[in-house]
There are 2 protein chains.
Amino acid sequence: MLKIKIIVVDRTRSDFLKQGETFYMKRLKRYAKTEWVETKPAGIKKGRSTFGILDEEGGSIAKNFVPRDYIIALERSGKAYSSKELASHIEKLSLTHDRLTFVVGGPLGLSKALLDRSHEIFSLSRLTLTHEMSRLLLLEQLYRAFTIIKGEKYHK
Amino acid sequence: MLKIKIIVVDRTRSDFLKQGETFYMKRLKRYAKTEWVETKPAGIKKGRSTFGILDEEGGSIAKNFVPRDYIIALERSGKAYSSKELASHIEKLSLTHDRLTFVVGGPLGLSKALLDRSHEIFSLSRLTLTHEMSRLLLLEQLYRAFTIIKGEKYHK
């Protein structure tokens, strides 16, 4: 069974988004061994540079990578798939990889180093989303992708 | 004060998305007189055509239009703005219009007649989203647009 790891920065603070994550994680687990990893956010001291914060958070994220991970970072400027394209992309990847790892940054995004290290960069929307909203959307799209791959009805 | 009307098909069934809507509606009301209108979904009888369903739902939606409404329909294939572009677009529209009306279709989307009647078509993402998720995303982006227009901090 395909392993999907979703690495995010910090726990989810919004109560309704947390509920949404739980809802879609449960569904996703029917299709893939799904793991949710929350990494430590950088301390936001006054005057600290974005670079410093992203560098620290990128380090915490990267600790969770294992050698065979195929890393997909989420970034607004990345590749925008349709849901069908995403499904066929995941299906194709799963023929050659058994571990797909998705990375969602914190409020400031992801470091350049981490984006460079990723195998690809995926954009959910041209719009700027909160990092917590991105997590929910990612989970929903992964669930949707598997229903497309399996030819199953999408349950709302 | 700018009036924003959001017309959707049916009530929101997902509990966590309903909570999210309430959360962002409250915030939006600081910036615009915001009205949320739920219209009647078409009965889904077996064998009924998509055209028939969308036509009926489009009719129920259109009953809520008033002459000065500037109508923005949401559709996957519409124009994809960045959040900044959306903010400056809304700011510009508000100089010449006092009523912006957003329309989010039901599970099957919107009829061609309704799209033709709209002043513009806006896409939240290339991905297919559930119609309930689209509502939440729209509210969040409208709130975000106003914080950008007013130069205010975005509160998470």
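Residues numbered from 1 in each chain as written. Chains lettered and ligands numbered in written order. Predicted model: local features only at pLDDT ≥ 70, side-chain atom pairs only at ≥ 80, totals over all residues.

Caption draft 1: Up close: the overall build of chain A. Looking only at helices and strands, chain A features 5 helices and 5 strands. Computed over its C-alpha atoms, the radius of gyration of chain A comes to 15 Å, within 12% of the 15 Å expected for a compact globule of 156 residues. Taking the principal axes of its C-alpha atoms as reference, chain A extends roughly 50 × 35 × 25 Å. When each of the 156 residues of chain A is scored for burial, the buried share is 40%. In chain A, the share of contacts with a sequence separation of at least 24, taken over all contacts with a separation of at least 6, comes to 84%. (Helix = DSSP H or I, 4+ residues; strand = E, 2+ residues; numbered from the N terminus. Rg over C-alpha atoms; globule rule 2.2 N^0.38 Å. Buried ≥ 20, exposed ≤ 12 C-beta atoms within 10 Å, placed from the backbone. Contact = placed C-beta atoms within 7 Å.)

Caption draft 2: Highlighting the relation of the copies chain A and chain B. Take chain A, turn it by 180 degrees, move it 0.0 Å along the axis, and it overlays chain B with an RMSD of 0.0 Å. The symmetry that links the two subunits is that of a two-fold axis. Comparing contact sets, 100% of the residues at the interface of chain A also lie at the interface in chain B, consistent with an isologous, same-surface contact. (Least-squares fit on C-alpha atoms with pLDDT ≥ 70 in both.)

Caption draft 3: Spatial organisation of the pairing of strand 2 (residues 33-39) of chain A. All names here are of chain A. With 7 bridges connecting them, strand 1 (residues 3-9) and strand 2 associate as parallel partners. Residue Lys3 lies in a different strand from strand 2, and its bridge partner there is Lys33. Between the parallel elements strand 1 and strand 2, the chain passes through helix 1 (residues 15-28) in a crossover that is right-handed. (Pairing = 2+ DSSP bridges. Right-handed = clockwise from strand over helix to strand, strands pointing away.)

Caption draft 4: Structural detail: the sheet that holds strand 5 (residues 120-123) of chain B. All names here are of chain B. Strand order in the open sheet formed by 5 strands is 2-1-4-3-5, and the pairing between neighbours is parallel. Each edge of the open sheet is held by one strand with a lone partner, namely strand 2 (33-39) and strand 5. In this sheet, neighbouring strand axes are inclined to one another by 30 degrees on average, regardless of whether the strands run parallel or antiparallel. Taken strand by strand, helix 2 (residues 50-62) contacts strand 1 (3-9), strand 2 and strand 4 (99-104), and its axis lies near 145 degrees from that of strand 2. (Axes fitted to C-alpha atoms, helices over the stretch in contact; angles between N-to-C directions.)

Caption draft 5: The pairing of strand 4 (residues 99-104) of chain A, seen in detail. Residue and element names in this part refer to chain A. Burial analysis of strand 4 places 5 of its 6 residues in the buried class, the great majority of the element. Strand direction decides the pairing type here: strand 1 and strand 4, joined by 6 bridges, are parallel. From the neighbouring strand, Lys5 faces strand 4, where its bridge partner is Thr101. In the sheet, strand 3 (residues 70-79) pairs with strand 4 via 4 bridges, with the strands oriented parallel. Residue pairing for strand 4: Ile71 is matched across the bridge by Thr101. A crossover connection joins strand 3 to the parallel strand 4 through helix 3 (residues 83-96); in handedness this β-α-β unit is right-handed.

Caption draft 6: View of helix 5 (residues 131-149) of chain A. All names here are of chain A. Given a rise of 1.5 Å per residue, 19 residues ought to cover 27 Å, and the 27 Å separating the end C-alpha atoms of helix 5 matches this to within 8%. For helix 5, the buried fraction is high: 16 of the 19 residues fall into the buried class. Once helix 5 finishes, Gly151 follows within two positions and takes phi at roughly 65 degrees, a positive value. (Expected span 1.5 Å × (residues − 1).)

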